[in-house]
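Structural overview for review
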Protein chains: 2
Amino acid sequence: MPPMSADSAKRAMERPLQEPDAQAEAFAVVRQAHQMESTEDYVELIDDLITSQGEARLVEVAERLGISQPSAGKTIARLQREGYVTSEPYRSIFLTEKGKSLADKSRERHDVVYKFLLKIGVSDATAKIDSEGVEHHVSEETLDAFRRIIDAG
Amino acid sequence: MPPMSADSAKRAMERPLQEPDAQAEAFAVVRQAHQMESTEDYVELIDDLITSQGEARLVEVAERLGISQPSAGKTIARLQREGYVTSEPYRSIFLTEKGKSLADKSRERHDVVYKFLLKIGVSDATAKIDSEGVEHHVSEETLDAFRRIIDAG
DNA sequence: TCGTAAATTTAGCCATGGCTTAGTTTATAC
DNA sequence: GTATAAACTAAGCCATGGCTAAATTTACGA
Ligand SMILES: [Mn+2]
Ligand SMILES: [Mn+2]
Ligand SMILES: [Mn+2]
Ligand SMILES: [Mn+2]
């Protein structure tokens, strides 16, 4: 073992390692969230497009995600396999019950995060950007804390 | 275009779509964050292990990430290719200057998120879990807002 | 010292989600 | 109605990050 610097010794005292199991569990939760992340973003976007424009076309989904049409199309195919959307070749995309319900849940959570960031003084542009990533990693407990602050005055 | 429900009409008014470019940019930022995410988690963990236990062994990195040793080993190999760590076969893992500096930056940001969650009333266990994911998606602007709240009273 | 256990590496599997290029179908404008 | 443009699909590439099984190296205790 190499010798320890004064700073390192101090940091080791103030910031002890977690239990291995607890730490592994936290990373597992993050991996699980990432597995759902693109599904959530897609169904939320599809639902928003249907609401705002009457239908969700692949070309618009791809443009708003900032990826190529074939990439978006491949993920839509997975979502169809998994029962979140339906669509026939060359036609627009629809949400199943399962997809609609996930979209509603995701939008609600996304909105809480977005409004919370605005509430604590983050700019609108930054709140939009940060909430797009953060939304997938907040537990119900944290969302409740966010809601309390949104509702406080 | 199918007809619109009353709820949908209301939602379309209250929650208009973003500009396509702005929305695409937000998703691009999230994808960029995800590209750095495992790198940040690894160097932060390796640095913590070196500080607390004198060295970082693959077996411990894998255990704390909750993944198999070969999976961790493969990512360590990438980190070495990219200049974040060094290690010789069957030996422990060291951080380069680049790796150490990323570890310090990541730990600082992680700690801000963790302390912020505690401050707004989230439990310790949940704060540990949520901060592990959220840390990668908070901008400097949002971190400053978090710091203000941590420092307030 | 030497045999066994632990740690590490190697090889190869899989899913996801990016990409480009080229072909096909549908929509539009004249 | 038909030519052209737009939208979509098909095929195939790549990197990441999971996994298991098997080989190899190192560490350790008797
Ligand atoms: Mn969202
Ligand atoms: Mn998102
Ligand atoms: Mn994430
Ligand atoms: Mn993390």
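This is a predicted model, so every value here is computed, not measured.

Time to look at the overall build of chain A. Across its full length, chain A holds seven helices and two strands. At 20 Å, chain A has a C-alpha radius of gyration far larger than the 15 Å of a compact globule built from 153 residues. In terms of principal-axis extent, the alpha carbons of chain A reach across some 65 × 45 × 25 Å. Counting over 153 residues, chain A shows a buried share of 46%. At a minimum sequence separation of 6, the contacts of chain A that also span at least 24 residues come to 57%. Split by element, the accessible area of chain A, about 7,900 Å² in all, is 55% carbon and sulfur. In chain A, which carries 20 positive and 28 negative side-chain charges, the distance between the mean positions of the two groups comes to 2 Å.

All names here are of chain A. Taken together, the protein ligands of the manganese ion (ligand 1) are Glu44 (OE), His110 (ND1), Glu135 (OE) and Glu135 (OE), with distances of 2.0 to 2.4 Å. Written as a sequence motif, the donor arrangement for the manganese ion (ligand 1) is E-x65-H-x24-E. Here the manganese ion (ligand 1) and the manganese ion (ligand 2) are spaced 3.9 Å apart, and both take Glu135 as a donor. In this pair, Glu44 is assigned in helix H2 (residues 20-53) and Glu135 in the loop between helix H6 (124-134) and helix H7 (140-151), connecting sequence segments 91 residues apart. In terms of burial, Glu44 and Glu135 fall into one category: buried.

Let us look at the relation of the copies chain A and chain B. Of the transformation superimposing chain A on chain B, the axial component is 0.0 Å and the angular component is 180 degrees, with the fit at an RMSD of 0.0 Å. Within this description, the copies of the chain are treated as partners about a two-fold rotation axis. Among all C-alpha atoms of chain A, that of Val134 of chain A lies closest to the rotation axis, at 2.7 Å. A high fraction, 100%, of the interface residues of chain A reappear at the interface in chain B, so the copies pair face to face through one surface.

A word on the protein's contact with DNA strand C. Looking at DNA strand C, there are 19 residues lining it, with Ser38 and Lys74 of chain A together with Arg57, Val59 and Gln69 of chain B nearest. Ser68 of chain A is positioned such that a nitrogen or oxygen atom in its backbone is 2.8 Å from a phosphate oxygen of DNA strand C. Tyr90 of chain B places a main-chain nitrogen or oxygen 3.4 Å from a phosphate oxygen of DNA strand C. When contributions to the surface near DNA strand C are tallied by element, the ones reaching two or more residues are helix H4 (69-81) of chain A together with helix H3 (58-65) and helix H4 (69-81) of chain B.

Turning next to the interface of chain A and chain B. Listed per partner, the contact involves 60 residues of chain A and 60 residues of chain B. When chain A packs against chain B, close to 5,400 Å² is buried across both sides, 57% of that on carbon and sulfur atoms. When the buried area of chain A at its contact with chain B is split by residue, Arg15, Leu17 and Arg64 of chain A rank highest and sum to 13% of it. One can count six salt bridges joining chain A with chain B. Ionic pairing is found between Asp111 of chain B and Arg15 of chain A, a salt bridge with its closest N-O pair at 3.1 Å.

Nonpolar side chains in soluble globular proteins tend to be buried together. Ranked by internal contacts, the top residues of the largest apolar core, which has 26 residues, are Leu117, Ile120 and Phe146 of chain A together with Phe116, Leu117 and Phe146 of chain B. Elements with a contribution of two residues or more to this core: helix H5 (97-119), H6 and H7 of chain A together with helix H5 (97-119), helix H6 (124-134) and helix H7 (140-151) of chain B. If we ignore the near neighbours within four places in the chain, the residues touching Leu117 of chain B are Thr142 and Phe146 of chain A together with Val122, Ala127, Asp130 and Ser131 of chain B.

Note on metal geometry: ideal angles are 109.5 degrees for four donors arranged tetrahedrally and 90 or 180 degrees for six donors arranged octahedrally. Coordination of the manganese ion (ligand 2) by the protein is provided by Asp41 of chain A (OD), Glu132 of chain A (O), Glu132 of chain A (OE), Glu135 of chain A (OE) and His136 of chain A (NE2), with metal-donor distances spanning 2.0 to 2.3 Å. Donor residues for the manganese ion (ligand 2), ordered by position in the chain, follow D-x90-E-x2-E-H.

With that settled, the discussion passes to the layout of surface pockets. It is the rolling of a water-molecule-sized probe over the atoms that shows where space remains empty. By volume, the largest pocket is sized at about 690 Å³. Forming the boundary of the largest pocket are 28 residues, of which Arg15 of chain A together with Glu44, Asp48, Arg107 and Asp111 of chain B lie nearest the centre. Among the elements of the structure, helix H1 (6-14) and H2 of chain A together with helix H2 (20-53), H5 and H6 of chain B are those that each provide at least two residues to the lining of the largest pocket. In the lining of the largest pocket, the residues fall into seven nonpolar, six polar and 15 charged.

Each value, and the rule that gives it
- Residues numbered from 1 in each chain as written.
- Chains lettered and ligands numbered in written order.
- Predicted model: local features only at pLDDT ≥ 70, side-chain atom pairs only at ≥ 80, totals over all residues.
- Heavy atoms only, no water.
- Helix = DSSP H or I, 4+ residues; strand = E, 2+ residues; numbered from the N terminus.
- Rg over C-alpha atoms; globule rule 2.2 N^0.38 Å.
- Buried < 20%, exposed > 50% of the residue type's maximum accessible area, 1.4 Å probe, protein only.
- Contact = heavy atoms within 4.5 Å.
- Areas by Shrake-Rupley, 256 points an atom, 1.4 Å probe, with all protein chains shown as cover.
- Lys, Arg positive; Asp, Glu negative; His and termini not counted.
- Charge placed at Lys NZ, Arg CZ, Asp CG, Glu CD.
- Donors = N, O, S within 2.8 Å, 3.2 Å for Na, K, Ca; no water.
- Least-squares fit on C-alpha atoms with pLDDT ≥ 70 in both.
- Near = heavy atom within 4 Å.
- Polar contact = N/O pair within 3.5 Å; in protein donor to acceptor, adjacent residues only side chain to side chain.
- Buried area = accessible area lost by both parts, 1.4 Å probe.
- Salt bridge = Lys/Arg side-chain N within 4 Å of Asp/Glu carboxyl O.
- Core = buried A, V, L, I, M, F, W, Y, C linked by side-chain atoms within 4.5 Å.
- 1 Å grid on protein atoms, 1.4 Å probe; cavity = no way out; pocket = protein on both sides within 12 Å on 5 of 7 lines; lining within 4 Å.
- Points joined across faces, edges and corners; volume = space filled by probe spheres on them.
- Nonpolar A, V, L, I, M, F, W, Y, C, P; charged D, E, K, R; others polar.

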